[in-house]
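Read off the chains here:
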Amino acid sequence: MTDSASFAALALALADVAALSGRHDKADRLGVLFAELDDADLRRAARWAAGRVFSLSDQRTVSVGFAALLRATMAATGAEEDDLRAALVRLGDPGDVTAGAIEALVPPVESDLTIEEAEGFFEQVAETSGSTAKTALIAGMLARVTPEEARFLVKLLAGELRIGMGEGGVVSALSRLYGRKGATVRRAVMLTGDVGEAAVLARRDRLAEAHLTLFHPITFMLASPAEAKGERTLAEEVARQVPPPVAVEDKFDGIRAQAHVAADPGDEDLHGVPEAGARVALFSRTLDAIERAFPDLVRPLAAFAEAAPRGVILDGEIVPLGPQGEVVPFQALQKRLGRKTASEELQRDVPVAFVAYDVLAIDGEPTLDASFRERQALLDRFDWTGPLRRSVVAEVHDLDTLDALFDAARARGNEGLMVKALDSPYKPGRRGRDWLKIKKALATLDVVVTAVERGHGGRRKLLSDFTFAVRASESDGTLLNVGKAYSGLTDAELAALTEWFEEHTLQTFAHGKVRTVEPEVVVEVAFDNVQVSKRHKSGYALRFPRIVRLREDKPAAEIDTLATVAALAGDA
DNA sequence: ATCCTCGCTTC
DNA sequence: TTCGGAC
DNA sequence: GTCCGAAGAAGCGAGGAT
C-alpha cells in the first residue's frame, strides 16, 4: 500500500547529523538519507529536518510542552515523575529523557513504523484537543517504538529537534545532493514557503517553476544592526556597509506585516477575507494569517484593489496610535497581539495604522528584482490616508546628518532609523547588509545578581540565566528585581561564575534548576527600553536586557537604585 | 464559574 | 527581539 | 558573512484544576 521508508532510518540519520560537527558533513549525511527516500518521504524528511512538522502555510500546530511529554513518558514506561524531572535537568532535552526511560524500563520491541505513519501520528496529535487526550495518544505511540525512534518523535513533538541544521542546513544538503546552486534552492524555499516542496523540485530539476503567488505569504527581508562602535562613528560604520547615497526612513516599532490585496477572484481556497469586492490577507513574520485580528486595516486595504485589481503585496509595519493619531510605544500593541479577533471597543482603545514601506508584487507581477528606488515609485499609485500610511524615504548623501535624523525619528515616536541600499532587490528571508537598522543604546544599569538558573541544551551545565536587582533607594538597601538576562557573557566567564554561585547558594528550587545566591556579583546591563512590569518586584522590567560586563570593581552596596530605573522609564 | 499553568507569538 | 559561537 | 542556538518581557487563549 505504501513504499514509505522506516522511521527508524530517519531517526538514525538525524542522530548521525546531530553527532557530526561540520556543516558539510551534516549536509552530506542528510543527503544520504534524502537519496533513499521517495518524493513523499523526501518532502516530509526535509520539513522535519528543518524543524517544521507542518509546512508554513498550515495553521495547525502539533507542539506539545515538556509537561505533557513527561506525563506521556510516565504512562508508557512507568517511570517516576521525580526521576524524569531530575533526568530532564541533567540531560536538558525531553527526547533524551524519554529514550533513556524506554531503554531502562521497557522490554525491547520490534518497530515497523514508517515515515508516512509518523506523519499521520503528528496529524492526529495536532487534531486532538486537550492535553490529557494528547498525552494518551503519545503514550500509546511511545509504547510501540524503539528508544531511538522515541527520541526523535519526542524531539519533533516538542519542536526542539536541535540537530544543528535548520532550514539553511537542509537547503545546503539539497544543493549538494542534487548539484543545484544554493541560492536557487533557497529562492524556491522563499517563494513556495515550504522546504519539502523545494526538496522535490530540486530533485526533479524544476526549481525554476517555484513562483510568487498572491495570498501565499513569502518570508520577509530582514535588516542587520549597525551602531557606532569603538573608534568608528555611526556615519563611518554605515558607510562601510552601504555606500552613500542611501535611503533613510524611520524604524517603526510594531508588528511586521505583509498585506495581500486583490479584486476577489471568488476562490474559497485562498487565504484572506473577502471585503467589499476585494480579498485581503495580512501575514505576520511567522507567516501566520492575522487579518481577522485587524478588521480596522482590512476595510481600508480593500480599497487598494481598485488601483491594482490584479493584486498587490505590500511589506510594512502595524503600529499603535494615540488619540491624536500619533505613534505610541510598542507596549500599547500588546493588547492586540495574539488575539483571534478585535472587538469594536478594542479597535477604539488601541487604534492601529499600517505603515507600508515596500512592494513585493503589483498587478500580479513580482517586483522583487526591481531596485529599492523603483519599488518606492510603485507605492505612488495608492491613496495613503487614514490608517494606511506610507513610510517617508529620504535620499541621504551626507551620512553625518544621520544623528540628527535619528533624533527626529525618536521625536516622532519611532524606534530609530533604517538605512537601505537604493539599488538593492528585495531578498526574501535574507538578513543582509542592504538593510541596516540603526539603534542607540540607552544608559546602562549596574545591578546585583540575586538568583541564577540552569541553562538548556548546550548550556545545561552552566548556571547561565541571572535574575538581577537594584536597591530600593540610597538609604534602603532592599533589593528589588528588575529583570533576567544571560546573554552577553562568554562561556568561559559563565563557567567561572557557575562555580562561584554553587559555593554561594542560599536556597535551591525546582530540583536544583533555580537557586537564590548571595547578592555579591555586580554586572552592568544594557537594554533597549524600560517598561512597567507586573512580573518584577521593582514594578519595572527591561526590554531586551543583556549583560555588558562584570563589575568586579564595584561592591553591591553601590549599585543603581529604583529611582534611576524610574527616571529611565520616564516616570520622573 | 473562576483561577492557574502552559504554549505560543509579538518584539 | 538580543547575543555568542562555529564555520 | 552567515547560520544556529540559547536567552528576555508581555499578553492571549485553551484546558485543566478548584
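Residues numbered from 1 in each chain as written. Chains lettered and ligands numbered in written order. Predicted model: local features only at pLDDT ≥ 70, side-chain atom pairs only at ≥ 80, totals over all residues. Heavy atoms only, no water.

### Some remarks on the pattern of salt bridges
Argument step 1. With the rule as written, the count across this model stands at 41 salt bridges.
Argument step 2. As a salt-bridge pair, D96 and K155 come within 3.9 Å of each other at their nearest N and O atoms. Note that D96 is positioned in helix α6 (residues 94-105) and K155 in helix α9 (residues 147-158), a separation of 59 residues in sequence.
Argument step 3. The exposure class of K155 is buried, given its relative accessible area of 9%.
Argument step 4. A salt bridge links D369 to R187; the shortest N-O distance between them is 3.8 Å. Linking D369 in the loop between β8 (365-366) and α17 (372-378) with R187 in helix α11 (residues 182-192), this pair joins segments that are 182 residues apart in sequence. (Salt bridge = Lys/Arg side-chain N within 4 Å of Asp/Glu carboxyl O. Helix = DSSP H or I, 4+ residues; strand = E, 2+ residues; numbered from the N terminus. Buried < 20%, exposed > 50% of the residue type's maximum accessible area, 1.4 Å probe, protein only.)

### Topic: the protein's contact with DNA strand C
Argument step 1. The full set of residues close to DNA strand C is S21, R23, R285, K437, K439, S487, G488, L489, T490, D491, F544 and R546.
Argument step 2. Counting only the atoms of DNA strand C that lie within 4 Å of the protein, the sugar and phosphate share comes to 93%.
Argument step 3. In the environment of DNA strand C, a phosphate oxygen lies 2.9 Å from a nitrogen or oxygen atom belonging to the side chain of K439.
Argument step 4. Interatomic distance of 3.0 Å between a backbone N/O atom of D491 and a phosphate oxygen of DNA strand C.
Argument step 5. When the residues that make up the surface near DNA strand C are grouped by side-chain class, the tally is 2 nonpolar, 4 polar and 6 charged. (Near = heavy atom within 4 Å. Polar contact = N/O pair within 3.5 Å; in protein donor to acceptor, adjacent residues only side chain to side chain. Nonpolar A, V, L, I, M, F, W, Y, C, P; charged D, E, K, R; others polar.)

### Concerning α11
Argument step 1. The complete set of buried residues in α11 reads V185, A188, V189, M190 and L191.
Argument step 2. Against the buried residues of α11 lie α10 (166-178) and α12 (195-203).
Argument step 3. In the stretch just after α11, G193 is the one whose phi turns positive, near 70°. (Contact = heavy atoms within 4.5 Å.)

### Remarks on the side chain of T77
Argument step 1. Position of T77 among the secondary structure elements: in helix α4 (residues 66-77).
Argument step 2. Assessed through its relative accessible area of 11%, T77 is described here as buried.
Argument step 3. Within polar-contact distance, the side chain of T77 engages the backbone nitrogen of A79 at 3.1 Å.
Argument step 4. Apart from the residues within four sequence positions on either side, T77 is in contact with A101, I102, L105 and V106.

### Quick word on the pairing of strand β13 (residues 445-454)
Argument step 1. Across the 10 residues that make up β13, a large majority, 10, are buried.
Argument step 2. Direction of pairing for β13 relative to strand β18 (residues 522-526): antiparallel, over a ladder of 4 bridges. Each residue of the ladder has a partner; that of D446, found in β18, is E524.
Argument step 3. In this sheet, strand β14 (residues 463-471) lies alongside β13 in antiparallel orientation, the contact comprising 6 bridges. Among the inter-strand pairings, R454 is bridged to a residue of β14, identified as L463.
Argument step 4. Relative to strand β17 (residues 514-517), β13 is paired through 3 bridges, and the arrangement is antiparallel. Within β17, the residue paired with A451 across the bridge is T516. (Pairing = 2+ DSSP bridges.)

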